[in-house]
Amino acid sequence: MGDTLEFNEIYQEVKGSWNDGRLRFSKQSVVYKSSKTGKVDSIPAPELSVAQWRRVCLGHGIKLATSTGHIYKYDGFKDTDFEKISAFFKANFKVELTEKDMCVKGRNWGTAKFTGPLMSFEVSDNPAFEIPLASVSQCATAKNEVTVEFHQNDDAEVSLMEVRFYVPPNTGDDGSDPVEAFAQNILSKADVIQATGDAVCIFKELQCLTPRGRYDIRIYPTFLHLHGKTFDYKIPYTTVLRLFLLPHKDQRQMFFVISLDPPIKQGQTRYHFLILLFSKDEDVSLTLNMSEDEVEKRFEGKLSKNMSGPLYEVVSRVMKASVNRKITVPGNFHGHSGSQCITCAYKASSGLLYPLERGFIYLHKPPIHLRFEEISCVNFARGTTTTRSFDFEIETKQKNQYTFSNIEREEYGKLFDFVNAKKLNIKNRGFKEGMNGADGYSDSDEDQHDAYLERMKLEGKIREEGDGSDESEGDSDESFNPGEEEDEVAEEFDSNASESDSEAEDGDSEDEGKKKKPEKKPKKVVKEKKERKPRKEKKVKDAGAPKRPMSSYMLWLNGNRERIKKEHPGISVTEISKKAGEMWKQLGSDQKEQWDRKAQEAKKQYEKAMKEYKESGGGASTVTKEKKKKGGKVEGKKKGGGENEKKEIGNDSFKSKEFISSEESSSESDHGKGRKRKASDDDDDEEEEAASTPPSSEEESGSD
């Protein structure tokens, strides 16, 4: 057996909701890390006293009790994990993993036992349910009744609000009230904030960014009290996850950030972070409201009775000692300007992004903390508004995306080096490495390693070259020729008909038109009038042809439709098809075989009937009609006079009112020359029509 056992997707109940995480058993300790908050619970191996294996709602669970009175419960194990964990506990912890059954009987009379921070309601010595007393927010008493209220968790879909216990009257000799004794046992371990006694120290009128305002902060032994002009907040130290001390970019102010889970609430607003802003020049002298011996015993030398110094240092020292958590400060990252943060914007608010040793934190609206272990990948994107900035995108494993925009391009190299050193997955890493390999990565030239700037410069050069070629060498660009485009538009829409008629009077312009005709032919081919071919070849249904055979499924459906209607009265047509599809899928291959045979027989009969139908001349009339239509169109072009010409031109192109009026007022000679041009165009159309028409249709039109 190895030195450690690790399990993923192990759940821990936190105030009514299940949080998943990872659990590791080692020879020295038991460590559980929450995937949601990153909070780590560590249980030293010598402190383990009791280990129980129980069947719970999420499979199997382990209940661990320590000699210090703490109880930990982890669920999500498999049945096969019992032997492995039991052997590990015996070999390394010298603790027996015992199986404990839960009471599943529907009784509501039992015995309440208080063990550490847990109240267990037992029936016949088997626990029916357990209540973590830290989840209790209030406890009220009445005659022979105790009401227990619980903290609410926003992440829980369904929350337990309260539980009422009936306590029978006690006729013992001690004379104590059993209801009050029951309530005191709950309140002694409950997470009920009661401001009893004096505060350890008070900080007056501190500037708070979230929640916004100025608050007096009173430090109590078990909680933090924010007292403002409008609102008061009491924050237990158990809800504090992390502490951050971050310098402002102007180097004159400091942020002190307190991360909270669960957050403090004000109406429908949740504050997951408490952000205080200090000036570096502000000093303070503080005296704790405790004796020196009490300070030494309570804080173990971390604080002294009298302290002085910058205000942010004193507040951070007191908070660190009271909460008993480390303070996180920026690491070795330094931006282009030398500061330890990056100016950027999240959504519509401008703020500061701090790259930390184990994550990123953004201040201040809204505050965002992202740990490296919950980041799936990052992406460097080009700025949407200007070329002098870029966007930094972070995607988490929960598929949440955070985009920090308007970052100065000078910060690109520093931020990329930091992300690369932390071995985060970069989406566009291949492009960046390609730029490094080509240019030779160097910090001395900031433009060399800016991949997005290089891309934008390249696109600008291409655009400039394209503009220059269009102005100087218009004929060299085959895909875009302004002269040809204008002629083509004039011919297609006939908006410059007067110009074309006047040009037709001049012999030179006529010759130029003839010279340009060979160039117009490929243009017409590029337009590909053959795209209209599917419309011409649209098949006409032959009413006299044999009916196509049905598939095996349709044969089965026709034979079982009435049975489905009888079994499901009132069923609609669409529901019949859906139900029939499900029934067909459930049929075995032997049952489907008979319908397959019927379908094959029907197919053979159809092929035989179709052959006889074609031999008897069936279907020829339909094809002949289609061919006559095609042949008639070509013949009409050859024989028709001016009317047919006008109809054909009207179908192929649109005539504006200006063209119609100018055409009517033009001279007969102009009309004659115009007809010559139109006749030549019609000849071109006839050649294209003949090329796109199958040989059979040409013979048919010729015979007609």
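Residues numbered from 1 in each chain as written. Predicted model: local features only at pLDDT ≥ 70, side-chain atom pairs only at ≥ 80, totals over all residues. Heavy atoms only, no water.

### Considering the packing of helix α12 (residues 552–567) against helix α13 (residues 573–586)
Two elements in contact, α12 and α13, have axes whose closest approach is 10 Å; the angle formed by their N-to-C orientations is 115°. Our pair here, α12 against α13, has a crossing hand that is right-handed. Contact with α12, carried on its side by Ser552, Tyr553, Trp556, Leu557, Arg561, Arg563, Ile564 and Lys565, involves Ile576, Ser577, Lys579, Ala580, Gly581, Met583 and Trp584 of α13 and no other residues of that element. Here the residues of the contact of α12 with α13 sort into eight nonpolar, three polar and four charged. (Axes fitted to C-alpha atoms, helices over the stretch in contact; angles between N-to-C directions. Helix = DSSP H or I, 4+ residues; strand = E, 2+ residues; numbered from the N terminus. Left-handed = near helix turned anticlockwise from the far one by under 90°. Contact = heavy atoms within 4.5 Å. Nonpolar A, V, L, I, M, F, W, Y, C, P; charged D, E, K, R; others polar.)

### Observations concerning the sheet that holds strand β31 (residues 401–408)
Spatially, β28-β27-β26-β25-β31-β30-β29 is the arrangement adopted by the seven strands of the open sheet, whose pairing is antiparallel. Looking at which strands have only one partner, the edges of the open sheet turn out to be β28 (368–371) and β29 (375–382). Taking the axes of each pair of neighbouring strands and ignoring which way they run, one obtains an average angle of 30° across the sheet. Of the strand pairs in this sheet, strand β26 (residues 349–355) and strand β27 (residues 359–363) are connected by four bridges, and their pairing is antiparallel. (Pairing = 2+ DSSP bridges.)

### Some remarks on a negative patch on the surface
A contiguous patch of negative charge, built from Glu292, Asp293, Glu294, Glu296 and Glu300, is present on the exposed surface. Checked against the element boundaries, Glu292 lands in helix α3 (residues 292–299). Judged by relative accessible area, Glu292 falls into the exposed class, the value being 56%. (Patch = residues over 30% accessible without salt bridge, like charges linked within 9 Å, V, L, I, M, F, W, Y side chains within 5 Å. Areas by Shrake-Rupley, 256 points an atom, 1.4 Å probe, with all protein chains shown as cover. Salt bridge = Lys/Arg side-chain N within 4 Å of Asp/Glu carboxyl O. Lys, Arg positive; Asp, Glu negative; His and termini not counted. Charge placed at Lys NZ, Arg CZ, Asp CG, Glu CD. Buried < 20%, exposed > 50% of the residue type's maximum accessible area, 1.4 Å probe, protein only.)

### Digging into the nonpolar core
Of all hydrophobic cores here, the largest spans 39 residues; its most connected members are Phe203 and Leu224. If you tally residues by element for this core, the top one is helix α4 (residues 311–323), at eight residues. (Core = buried A, V, L, I, M, F, W, Y, C linked by side-chain atoms within 4.5 Å.)

### Some words on the packing of α12 against helix α14 (residues 589–615)
Two elements in contact, α12 and α14, have axes whose closest approach is 8 Å; the angle formed by their N-to-C orientations is 110°. Accordingly, the angle class assigned to the pair α12 and α14 is roughly perpendicular. For the crossing formed where α12 meets α14, the hand is right-handed. Packed against α12, whose contacting residues are Ser552, Leu555, Trp556 and Asn560, the element α14 presents Trp595, Asp596, Lys598 and Ala599 at the interface. Looking at side-chain class alone, the contact of α12 with α14 contains four nonpolar, two polar and two charged residues. (Parallel < 35°, antiparallel > 145°, perpendicular 65-115°, else oblique.)

### Details of unusual backbone geometry
Residue Leu363 is joined to His364 through a cis peptide bond whose omega torsion reads 5°. Here His364 is to be found in the loop between β27 and β28. Cis geometry marks the peptide bond from Lys365 to Pro366; its omega dihedral reads -10°. Secondary-structure assignment places Pro366 in the loop between β27 and β28. The phi torsion at Gln251 lies on the positive side, around 60°, for a residue other than glycine. Mapped onto the elements of the fold, Gln251 is located in the loop between β19 (240–247) and β20 (253–266). A positive phi angle is found at Asn406, which is not glycine, with a value near 60°. Considering the arrangement of structural elements, one finds Asn406 in strand β31.

### Examining the pattern of salt bridges
Taken as a whole, this structure holds 15 salt bridges when the rule is applied. Here Glu410 ties to Arg388 by a salt bridge, and the two come within 3.0 Å at their closest N and O atoms. On the criterion of sequence distance, the pair formed by Glu410 in the loop between β31 and α5 (412–421) and Arg388 in the loop between β29 and β30 (389–396) is long-range, its members being 22 residues apart. Overall, Glu410 belongs to the buried group, its relative accessible area being 16%.

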